[in-house]
Amino acid sequence: MSARDGSSPDAKYERAALRVVYISRFAAARFRWRRYRSAESKSPYDVRRLTAESQSQTRLRGLELVPTALTNITESELVDALKVADGRNDLFPPRDGDKVAGRIAAGFARGLHTRLQDGSYQPDPADFVTVRKPGLLTRPAAVMTLKDRVVFEALVARARPKIQRRLPPDTVAIWPRADGSTPSWKKLDEFVLTSPEAFVLHADVAGFYESIDHARLRRALADAGVDAMLTDTLITFLRMIMGADRGLPQGLGSSDSLATLYLAGADRELIASGVRFARHGDDYRLLALTKDAAVRAAHLFEAALRRCALLPNGRKLWIQPRQRYEAESRDVSTASEEFKVRIREARVDELGDKSEEELAEIASEYEIDEDAQWRYFYHGSMDPEEFRDLIAPFLNPSAQEVLEELYRDAINREGDLPAQLRHARIVYCLQRLASVKAPGALGTVLEALRDFPDETDEVCSYLLSLCETHADHVAAICGEFLVGTAYMTDWQQAWVLRVLSRCVASAEPATVAAVTTFLSEPAMGWLPRLEAARVLAANGTLRGEDARALRAQAPEAYKSDIAGLVAANHDRLAWSESFLDGIREDHLADVVIKGIIDSKS
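Read on for a plain summary of the structure. Predicted model, so just to flag it, every value in this text is computed and none were measured.

Side note on the environment of Leu-91
Here comes step 1: Relative to the helices and strands, Leu-91 resides in the loop between helix H4 (75-85) and helix H5 (96-99).
Here comes step 2: The sequence separation of Leu-91 and Gly-251 amounts to 160 residues, and the corresponding C-alpha distance is 6.4 Å.
Here comes step 3: Those residues within four positions of Leu-91 in sequence are excluded, and the remaining contacts are Val-131, Arg-139, Ala-141, Gln-250, Gly-251, Trp-491 and Trp-495.

Let's talk about the packing of aromatic side chains
Here comes step 1: Under the defined criterion, the tally for this structure stands at nine aromatic pairs.
Here comes step 2: Judged by centre distance (5.7 Å) and plane angle (85°), the ring pair of Trp-575 and Phe-579 falls under edge-to-face. For the pair Trp-575 and Phe-579, one class covers both residues: buried.
Here comes step 3: Linked through ring pairs, Phe-277, Tyr-284 and Phe-301 together constitute an aromatic cluster.
Here comes step 4: The ring of Trp-526 has Arg-529 lying over it, and the distance from NZ or CZ to the ring centre is 4.2 Å.

Overview of helix H17 (residues 370-379)
Here comes step 1: Turning to H17, its buried residues number three or more, namely Ala-372, Gln-373, Tyr-376 and Phe-377. End-on, the buried residues of H17 take up no more than an arc of 105°, which puts them together on one face. Facing away from the buried side of H17 by over 90 degrees, the exposed positions are Glu-370, Tyr-378 and His-379.
Here comes step 2: Contacts from the buried residues of H17 go to helix H16 (356-365) and helix H18 (384-391).
Here comes step 3: Between the side-chain oxygen of the N-cap and the backbone nitrogen of Asp-371 there are 3.1 Å, and the N-cap of H17 in question is Asp-369.
Here comes step 4: A positive backbone phi angle near 75° is found at Gly-380, which sits one or two residues after H17.

A closer look at the pairing of strand E6 (residues 283-288)
Working note: regular strand, side chains alternate between the two faces of the sheet.
Here comes step 1: Most of E6 is tucked away: six of the six residues are buried.
Here comes step 2: Where burial is concerned, the two faces of E6 agree: the one with Asp-283, Arg-285 and Leu-287 and the one with Tyr-284, Leu-286 and Ala-288 are both buried.
Here comes step 3: The sheet contact formed by strand E4 (residues 199-204) and E6 spans six bridges and is antiparallel. Along E6, the bridge assignment pairs Asp-204 with Asp-283.
Here comes step 4: Pairing of strand E5 (residues 276-280) with E6, which is carried by five bridges, proceeds in the antiparallel orientation. Residue pairing in the sheet places Arg-276 in a bridge with Leu-287 of E6.

Quick notes on the rules
Residues numbered from 1 in each chain as written. Predicted model: local features only at pLDDT ≥ 70, side-chain atom pairs only at ≥ 80, totals over all residues. Heavy atoms only, no water. Helix = DSSP H or I, 4+ residues; strand = E, 2+ residues; numbered from the N terminus. Contact = heavy atoms within 4.5 Å. Phe/Tyr/Trp six-rings, centres within 6.5 Å; stacked < 30°, edge-to-face > 60°. Buried < 20%, exposed > 50% of the residue type's maximum accessible area, 1.4 Å probe, protein only. Lys NZ or Arg CZ within 6 Å of the ring centre and 35° of its normal. Arc of directions from axis to C-beta. Polar contact = N/O pair within 3.5 Å; in protein donor to acceptor, adjacent residues only side chain to side chain. Pairing = 2+ DSSP bridges.

Put into structure tokens, the structure is as follows:
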């Protein structure tokens, strides 16, 4: 018989192989469909992300990092990269691996270097968390493993010298640079305030980091003279981390260097058009002599971005007279001085209601000149107003008192004070009150949590500063927010849970019971589930089976954090020793466990 009728051995093997292929494709399709269906209870963002993952699998299948570019990375480069990569990502609560990175540097770098050399290293897909922005919008922030952040930083570090030479002057691209410079919004304000132009165009890139096209980034790296092998490895790494052919993980210095290179093309185009501008990140200030010239600058800005496959953020594109910009930039300092004067004058006025005995005590406390006291109290030759003027300089409020009053005023002026100024005043006050652990804002901080969801990290940083001294009050605020808020993003919930983990001993039983349900809530993201486990571990009520299930199911990006939270509370969890022993075969988990237990010892 011929092979054509299908009876030959080769034809049978061919049909069997085709059946295997069809069955594999069908199984993969069913798996993707089940993931999609299981996401129906999740947020719309999760559904879109899972759908996009399914659609991009064919395009991303078969990606491989260039081995030589990885094996060339030295152990010392990894140690240097760890010093940068373990820096806190301001978008998220501090992570366990980051907190002990300095202690585990040598062992961690040695293990990672071995895996790069033997080819067993592979980056893990990032987990994405929606972070609130001003208004109703969000941005997706990528949660990555420490090993991936270190490799990413080591690769970018090799490209930075070429990137730096490709950037516009630092008077234009103020930050980020590729030379380790730090953010400086003050320099951006100084650029505007020292310029003669009458109008300022505020401009911002819509969804900047998530919109960066990898193919265009590859060309930008090539134009900068970055080695082709290094460029290929960086782009492939990003596609594997992001699960798509666009986007950079936000909050990392490594991403900042690539992002500023990506914008350099638009910068050069604006410079060539004659527009005077400066930028900080993707926030631009373009200057113009007239309002019509500012409109022209807006159109030039949009055209330059479009050629980079980017778009301006329409909500943040607006023209402002420079005098108004100057007044707003100095609003906090001006308001602080006004409140200082107001508080002092109120205290001086209160002197009029004091008895002579009380005034004598005040004069003695401030060591008022004895001759002046004699003239006022005994001789009667000094006018009361003159005497109050002597005391007035001693009645100036402290910086903390001014901040507390400025904060209370901003909280109570919703609708009265312009939203942008109210927002800036509240954040300014909370940052400085946190630095001195001042409790003056505790009474209204729950209102700030609800009114300014995009500043959840700042509000929670303030609460964290008071966990030791005002644990009862802080725990009550966290409980009321978690139980009484109808909707919050995973990011907001994770931050408040982190605060609660520091004062859970003072929490109400109802709050702890609510947190317990978070672990098994299918609609909840991995970051708040991780933080819920941290709260229960700190309370000594996290069950071993829940910790094991969490670690088995969680994305790779969170596994070392789970090891860390158990290690940090091992003295409260009877089952922790067997759990930790069982996961020590994971190199990163092992060094994190050792680092945390050693630090507690």
